[in-house]
Amino acid sequence: RADDAEKRLAASGSVKTVWNPEESVQGEKREPVEVSAKTLTYRESERELLYEGDVTVLQAGRTLRAGSVEVELDENRKARKMVARTKVQLEDPAAGRRVEGDEAIYDLAAKTVIVSGSPAQMRDSTGNILRGKRLTYDL
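What comes next concerns the included structure. What you see is a predicted model, and the numbers here were worked out from it, not measured in a lab. (Residues numbered from 1 in each chain as written. Predicted model: local features only at pLDDT ≥ 70, side-chain atom pairs only at ≥ 80, totals over all residues. Heavy atoms only, no water.)

1. Quick look at the overall build of the protein chain
Right, on to step 1. A count of helical and extended segments in the protein chain gives 0 helices and 9 strands.
Right, on to step 2. Along the protein chain, helices and strands appear, N-terminal first, in the series β-β-β-β-β-β-β-β-β.
Right, on to step 3. At 15 Å, the protein chain has a C-alpha radius of gyration in line with the 14 Å of a compact globule built from 139 residues.
Right, on to step 4. Projecting the C-alpha coordinates of the protein chain onto the three principal axes gives extents of approximately 55 × 35 × 25 Å. (Helix = DSSP H or I, 4+ residues; strand = E, 2+ residues; numbered from the N terminus. Rg over C-alpha atoms; globule rule 2.2 N^0.38 Å.)

This is the structure in structure tokens:
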């Protein structure tokens, strides 16, 4: 559905978006980001995408799951930051780590995910657990 007056576009059912990030300043190739959810709302005036309902974000073998993900776009409509909320889980099988919390902020340019919660925690494949109010995960 499109609403021209509010400059909003909405989709429901099984929605999927794939972004191909630009190379970094150092010429590093970035992996595509794939987002799927039950609904998607794009608000042009706020430069924002809102995914809701069983949201899954895939990138370079890592999976982020949450109830909702809000994506902030820059002036060129490129994704710059994602904010995931509600039962956030980040799985990184290659590193053998799983991070859980209430909210995660993914800065695509910095390649970091800041997870906060009561508590936020990270488990690794050897059984180690790290807990705190806020964890920074460097991708």
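From this point, the narrative continues.
2. What about the nonpolar core?
Right, on to step 1. Ranked by internal contacts, the top residues of the largest apolar core, which has 30 residues, are Tyr 51, Val 69 and Met 82.
Right, on to step 2. For this core, the secondary structure elements donating two or more residues are β2 (8-19), β3 (33-43), β4 (48-59), β5 (62-73), β6 (79-92), β7 (97-107), β8 (112-124) and β9 (129-138).
Right, on to step 3. The residues touching Met 82, leaving out its near neighbours within four places in the chain, are Trp 19, Val 33, Val 35, Val 57, Val 69, Glu 70, Val 71, Ala 104, Ile 105, Tyr 106 and Leu 108. (Core = buried A, V, L, I, M, F, W, Y, C linked by side-chain atoms within 4.5 Å. Buried < 20%, exposed > 50% of the residue type's maximum accessible area, 1.4 Å probe, protein only. Contact = heavy atoms within 4.5 Å.)

3. Here's the deal with the side chain of Thr 17
Right, on to step 1. Its location among the elements puts Thr 17 in strand β2.
Right, on to step 2. At a separation of 2.7 Å, a polar atom in the side chain of Thr 17 contacts the side chain of Tyr 51.
Right, on to step 3. Not counting residues up to four positions away in its chain, the partners in contact with Thr 17 are Val 33, Glu 34, Val 35, Leu 40 and Tyr 51. (Polar contact = N/O pair within 3.5 Å; in protein donor to acceptor, adjacent residues only side chain to side chain.)

4. What to know about the environment of Ala 110
Right, on to step 1. Along the chain, Ala 110 turns up in the loop between β7 and β8.
Right, on to step 2. With 29 residues separating them along the chain, Ala 110 and Leu 139 place their C-alpha atoms 8.7 Å apart.

5. Points about the pattern of salt bridges
Right, on to step 1. Counting across every chain of the model gives 13 salt bridges.
Right, on to step 2. Glu 72 serves as the salt-bridge partner of Lys 81, at 3.6 Å between the closest nitrogen and oxygen.
Right, on to step 3. Here Lys 81 falls in the partly exposed class, since its relative accessible area comes to 27%.
Right, on to step 4. Of the charged contacts, one joins Glu 103 and Arg 85 as a salt bridge, the two residues approaching to 3.1 Å between their closest N and O atoms. Within this pair, whereas Glu 103 is found in strand β7, its partner Arg 85 is found in strand β6, the two being separated by 18 residues in sequence.
Right, on to step 5. Shared partners join several salt bridges into a network, and the residues in it are Arg 65, Glu 91, Arg 98 and Glu 100. (Salt bridge = Lys/Arg side-chain N within 4 Å of Asp/Glu carboxyl O.)

Note that all results are geometric; they support no functional claim without further evidence.
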